[in-house]
Amino acid sequence: MTKAHQEPPNDESGSGTRVVIEVPARTDGAAMWRIARDSGSLDLNSPYAYVLWGRDFAATSVVARIGDRVGGFITGYLRPEAPEVLMVWQVAVDAEHRGQGLAGRMLATLVDRAIALGARFVETTITADNAASIRLFTGLARDRDTTIERSDLFAAELLGDGHAAEDLYRIGPFGTVGSTL
């Protein structure tokens with residue numbers, strides 16, 4: 001397993017800046033927090049939580065470096081009761097890099113890494129109004145020629161404070177790294 005995955009230059013920006021998708025470091029926590037805050041749609045965790053992701057869950061998370069800045073991230077973990085499941089917690093792309101396929105490239109890199117760690121499924125929760133995330137994970141299932149299932153998971157009243165219900169999306173099973181089963 002390699003630490004970084006080199007992506008081709010970001011042709012849509014015209015800058016020729018390379019995108020490097022790699023494991024996050026503790027020092028990426030502040031940038032991850034800023035991107036989550038600025039997204040306007042993610043549940044914002046404390047800056048401390050994002051620093052912890054860069055320390056404790058780096059193997060199951062990614063950042064996308066564009067030049068010398070973090071342009072996006074995905075946080076995830078292998079479920080303790082089901083280590084064959086990668087739970088994707090948050091996906092975020094900085095506003096200036098949206099619409100360029102960065103989320104999909106980060107997710108593909110993360111899924112390949114998780115498969116190498118023994119994962120066979122990806123789970124995530126998505127609110128019914130989050131069309132971008134639904135498209136992202138539906139696209140993953142399509143691109144990997146596997147199934148995607150939606151089910152109720154967390155009712156709104158369980159989450160409190162006006163939070164919308166979170167539906168569970170389960171994608172898989174996956175074969176080996178880079179395969180489509």
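Further up the page is the structure itself.
Presented here is a report on the structure given in the accompanying data block. (Residues numbered from 1 in each chain as written. Predicted model: local features only at pLDDT ≥ 70, side-chain atom pairs only at ≥ 80, totals over all residues. Heavy atoms only, no water.)

Observations concerning the overall build of the protein chain
Our working definition: What counts as a helix is a DSSP run of H or I of at least four residues, what counts as a strand is a run of E of at least two, and both are numbered from the N terminus. Exposed residues in this analysis have more than 50% of their type's maximum accessible area, buried residues have under 20%, and partly exposed residues fall in between, with area computed by a 1.4 Å probe over protein chains only. Contact definition: two residues touch when any of their heavy atoms are within 4.5 Å. For the accessible areas, the method is Shrake-Rupley and the probe is 1.4 Å, while residue cover comes only from the protein chains on display.
A count of helices and strands for the protein chain gives 5 helices and 8 strands. Each helix (α) and strand (β) of the protein chain, taken in turn from the N terminus, gives the series β-β-α-α-β-β-β-α-β-α-β-α-β. In the protein chain, which comprises 181 residues, the share counted as buried stands at 43%. Relative to all contacts within the protein chain whose residues are 6 or more apart in sequence, the contacts with residues 24 or more apart total 60%. Put simply, the protein chain shows about 9300 Å² of open surface, and 53% of that area lies on carbon and sulfur atoms.

So, the pairing of strand β6 (residues 121-126)
For clarity, the threshold we go by: Strands pair, by our definition, only if DSSP identifies at least two bridges between them. Looking down the strands as they point away from the viewer, one classifies a crossover as right-handed if the path from the first strand across the helix to the second runs clockwise.
Among the 6 residues in β6, 6 count as buried, and that is most of the element. Two elements, strand β5 (residues 82-93) and β6, share 4 bridges in a ladder whose sense is parallel. Across the sheet, valine 88 pairs through a bridge with threonine 124, a residue of β6. Following the chain from β5 across helix α3 (residues 102-116) to the adjacent parallel β6, one finds a crossover that is right-handed. Where β6 lies against strand β8 (residues 166-172), 5 bridges are found, and the strand directions are antiparallel. Each bridged residue has a counterpart across the sheet, and for isoleucine 126 the counterpart in β8 is aspartate 167.

Let's talk about the environment of leucine 42
Among the structural elements, leucine 42 can be located in the loop between α1 (29-39) and α2 (47-56). Look past the residues within four positions of leucine 42 in its chain and what remains in contact with it is Ala36, Gln90, Val91 and Ala92.

Digging into the packing of aromatic side chains
Rules: Between the rings of Phe, Tyr and Trp (Trp by its six-membered ring), a pair exists once the centres lie within 6.5 Å; its type follows the angle of the planes, with under 30 degrees stacked, over 60 edge-to-face, and the other angles tilted. Two conditions define a charge located above a ring, namely a distance within 6 Å from the ring centre to NZ of Lys or CZ of Arg, and an angle within 35 degrees of the ring normal.
Evaluation of the coordinates by the stated rule reveals 6 aromatic pairs. With a centroid separation of 6.3 Å and an interplanar angle of 55 degrees, the aromatic rings of phenylalanine 57 and tyrosine 77 are classed as tilted. Remark: tyrosine 77 occurs in strand β4 (residues 69-79) and phenylalanine 57 occurs in the loop between α2 and β3 (62-66); sequence separation between them is 20 residues. Each member of the aromatic cluster is reached from another via a ring pair, and the members are Trp53, Phe57, Tyr77 and Trp89. The ring of phenylalanine 121 is capped by arginine 170, whose NZ or CZ atom sits 3.9 Å from the centre of that ring.

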